[in-house]
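Structural overview for review
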Amino acid sequence: MDITLQQVSYAYAKNTPFEKRALFDVDLHIASGSYQAIIGHTGSGKSTILQHLNALLKPTDGSINIGDVEVKADKKNKQLREVRQKVGIVFQFPEHQLFDETVLKDIMFGPMNFGVPEVEAKRRAIELTQLLGLPEEVLEKSPFDLSGGQMRRVAIAGVLAMNPKVLVLDEPTAGLDPRGRKEIMDLFYTLHKEKGLTTVLVTHSMEDAARYADQIAIMHNGKCVLEGTPQEIFAHEERLTEFRLELPQSVRFQKKIEQMIGKKLPTICLTEESLAEELAQLIKKEREE
Amino acid sequence: MLEKMIFGRYIPGDSFIHRLDARAKLIFVFLFIAIVFIANNWITYGVLVVFTFLIIRMSKIRLYFLINGLKPVVILIIFTFLLHLIFTREGDVIYHWKFITIYEEGLRQGIFISIRFFVLVILTSILTLTTTPISITDALETLLNPLKKWKLPVHELALMMSISLRFIPTLMDETDKIMKAQMARGSDMTTGSLKERMNAIVPLLIPLFVSAFKRAEDLATAMEVRGYKGGEGRTRYRKLEWELRDTITMFSLVVLAGVLVFLRQ
């Protein structure tokens, strides 16, 4: 399912003294099956864009095409439910949305709202708890008795249980420990690869964007200022600093090494693993010569 | 949706009304509530409306914004208007249709009550729109101070009030966030049948309560950590100062009351 934003503008609290423009003429195309990262400084409009992706917010100007549904300011849409089922959003700190008596019921809440039969919803819930590495006994516990990390996983399961075609993630790992962070990000990546889930990741973390995304869009003051593959984006350090962003750690490290040895590596290394690989090859070559 | 609500919100500004002492504004509103009841005919109600519009002008709040924010109250006003219209049985009959009979007095009463409501709601809204919550509580605390003699926990009351005012916007934001998260999970409060909407309230209220309690606990800890131990011997950073313009404002109220008494029947 493609999502296309055309000249999208949005203002909060329009026509009040609190009016605040958050987006200015944003164009963005998210291709079906791609992994799109949206990066930007706090207040750059990332989260506002994200809420447009399943029509929680309607643009004050411009239009958005989500699959074959067009969302516009002055258009009443009847198919919004359908859109919301196909585009699952994991909000920042999703554990705040838990409410039901048991974890099982909470995970089943989303799919059942969209008319999935109870048996099927239950099957999905059990499958997802396993997938997310939760012990089976949590299913009958109250979600409020779990640890923070477990609550986060339950909330994520609640979104995944709707079987969305597009998964939108807003800083899904904020506040988790490094290990949990990696586990969850890897899980999203596997889902993206195996199920062909179109994934949109809104994040501060250059490292995550570099490691997982195929396409990156950079937001600054409500505008989409830079777009491209990670290789293209991280080739322009000057532009990034202009938007108060940094290179990912591995690229920064690569630059330092390149300075030290006075040689350039053939590619920009987006992860520590690929950097190690490149360096090993370089050393091997030097030895052979 | 919630962003249009104006109850308890403060709009920073520098109008005459903004600069008034919060105590003056509080006393003003309280006395005004009493004075409104002096009016009893078209002229006196007209005077009240003119007076109110004068204050709106002086507060430099856009009328459109004010009216828009008061929409929920307008429904209440219309409701009371209709009640008066239908159930008052005095004066000449001006309209008759099946079992509904409208009397002249009913229409008059309905309009008067609506004006009264309208004027009161506008003035109290202007009080909160032009005064920071902190100064309102400060003012309340100083005004209630004499009651301490009778063991009324004035400081605690003021603190409770300022905390609740402080958390209105926070909880609003939170409601908005949770509502969106549940909407994304297919539970929508804004569409569907009445039953569906009622069902959508539980997934909103429970997380809201949980987080409100958590916030309360965090706040209590934070206050204790910073050595809060009640009002005894506490000094103030902000001082309220009564100035000439506050006296003038009070005087305008006396004039208003005089005019109303003179013009009433």
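Rules of the game
Residues numbered from 1 in each chain as written. Chains lettered and ligands numbered in written order. Predicted model: local features only at pLDDT ≥ 70, side-chain atom pairs only at ≥ 80, totals over all residues. Axes fitted to C-alpha atoms, helices over the stretch in contact; angles between N-to-C directions. Helix = DSSP H or I, 4+ residues; strand = E, 2+ residues; numbered from the N terminus. Parallel < 35°, antiparallel > 145°, perpendicular 65-115°, else oblique. Left-handed = near helix turned anticlockwise from the far one by under 90°. Contact = placed C-beta atoms within 7 Å. Nonpolar A, V, L, I, M, F, W, Y, C, P; charged D, E, K, R; others polar. Expected span 1.5 Å × (residues − 1). UniProt positions renumbered as here; feature names shortened; annotations may be inferred. Domains from an automatic or database assignment. Pairing = 2+ DSSP bridges.

Think of two packed helices as two axes; the pair is described by the angle between the axes and how far apart they sit. All names here are of chain B. As a packed pair, helix H5 (residues 71-87) and helix H6 (residues 104-130) sit with axes 8 Å apart at the nearest point and diverge in direction by 160°. Taken together, the axes of H5 and H6 lie roughly antiparallel to each other. Both H5 and H6 take part in a crossing whose hand is right-handed. Between H5, through Val73, Ile77, Thr80, Phe81, His84 and Leu85, and H6, the contact on the second element is made entirely by Gly106, Leu107, Gln109, Gly110, Ile113, Ser114, Phe117, Phe118 and Val121. Among the residues making up the contact of H5 with H6, the classes are represented as nine nonpolar, six polar and no charged.

Note that an α-helix has 3.6 residues per turn; residues three or four places apart therefore point the same way. The end-to-end C-alpha distance of helix H7 (residues 133-144) of chain B is 16 Å, a good match for the 16 Å that twelve residues give at a rise of 1.5 Å each. Of the surrounding secondary structure, the elements contacted by the buried residues of H7 of chain B are helix H2 (22-35) and helix H8 (154-184) of chain B.

Once that is clear, we can look at the UniProt feature "domain: ABC transporter" (unreviewed entry) in chain A. Annotation from UniProt places "domain: ABC transporter" (unreviewed entry) at residues 3-246 of chain A. Structurally, residues 3-246 of chain A is divided into 36% helix and 26% strand, and its ends, taken at the C-alpha atoms, are 28 Å apart.

With that out of the way, let us pick up the domain arrangement of chain B. Taken domain by domain, chain B holds domain 1 (2-131 + 240-263) and domain 2 (147-225). Between the C-alpha centres of domain 1 of chain B and domain 2 of chain B the distance comes to 29 Å.

Now for the domain arrangement of chain A. Residue and element names in this part refer to chain A. Parsing chain A into structural domains produces domain 1 (3-247) and domain 2 (248-289). The distance between the C-alpha centroids of domain 1 and domain 2 comes to 33 Å. Tallying the contact residues gives nine residues for domain 1 and seven residues for domain 2. By residue number, the principal contributor to the side of domain 1 that touches domain 2 is helix H7 (residues 206-212), which donates four residues. Tallied by class, residues from the side of domain 1 that touches domain 2 come to six nonpolar, one polar and two charged.

As a further point, take unusual backbone geometry. All names here are of chain A. With a phi angle near 50°, asparagine 163 is a residue other than glycine that sits in the positive phi range. If you trace the backbone, asparagine 163 turns up in the loop between helix H5 (148-160) and strand E7 (166-170). With a phi close to 55°, arginine 244 is a non-glycine residue in the positive phi region. Its location among the elements puts arginine 244 in the loop between helix H9 (237-242) and helix H10 (249-261).

Right, let's get into the UniProt feature "transmembrane region" (unreviewed entry) in chain B. As recorded in UniProt, the feature "transmembrane region" (unreviewed entry) lies at residues 26-56, 63-87, 107-129 and 244-263 of chain B. Within residues 107-129 of chain B, the helical portion is 100% and the strand portion 0%, while the C-alpha atoms at the span's ends are 32 Å from each other.

All names here are of chain B. Of the strand pairs in this sheet, strand E1 (residues 93-97) and strand E2 (residues 100-103) are connected by four bridges, and their pairing is antiparallel. Opposite tyrosine 95, over in E2, you have isoleucine 102 as the bridge partner. Counting the residues that bridge the hairpin from E1 to E2 gives two residues, and of these lysine 98 lies at a positive phi of roughly 50°.

Right, let's get into the sheet that holds strand E6 (residues 87-90) of chain A. All names here are of chain A. As summarised here, the arrangement of the six strands in space is E6-E7-E8-E3-E9-E10, forming an open sheet in which the pairing is mixed. Strand pairing shows two members of the sheet lacking a second neighbour, E6 and strand E10 (223-228), which therefore form its edges. With direction set aside, neighbouring strand axes in the sheet form an average angle of 15°. With five bridges connecting them, strand E9 (residues 215-220) and E10 associate as antiparallel partners. Within E10, the residue paired with alanine 217 across the bridge is glutamate 227.

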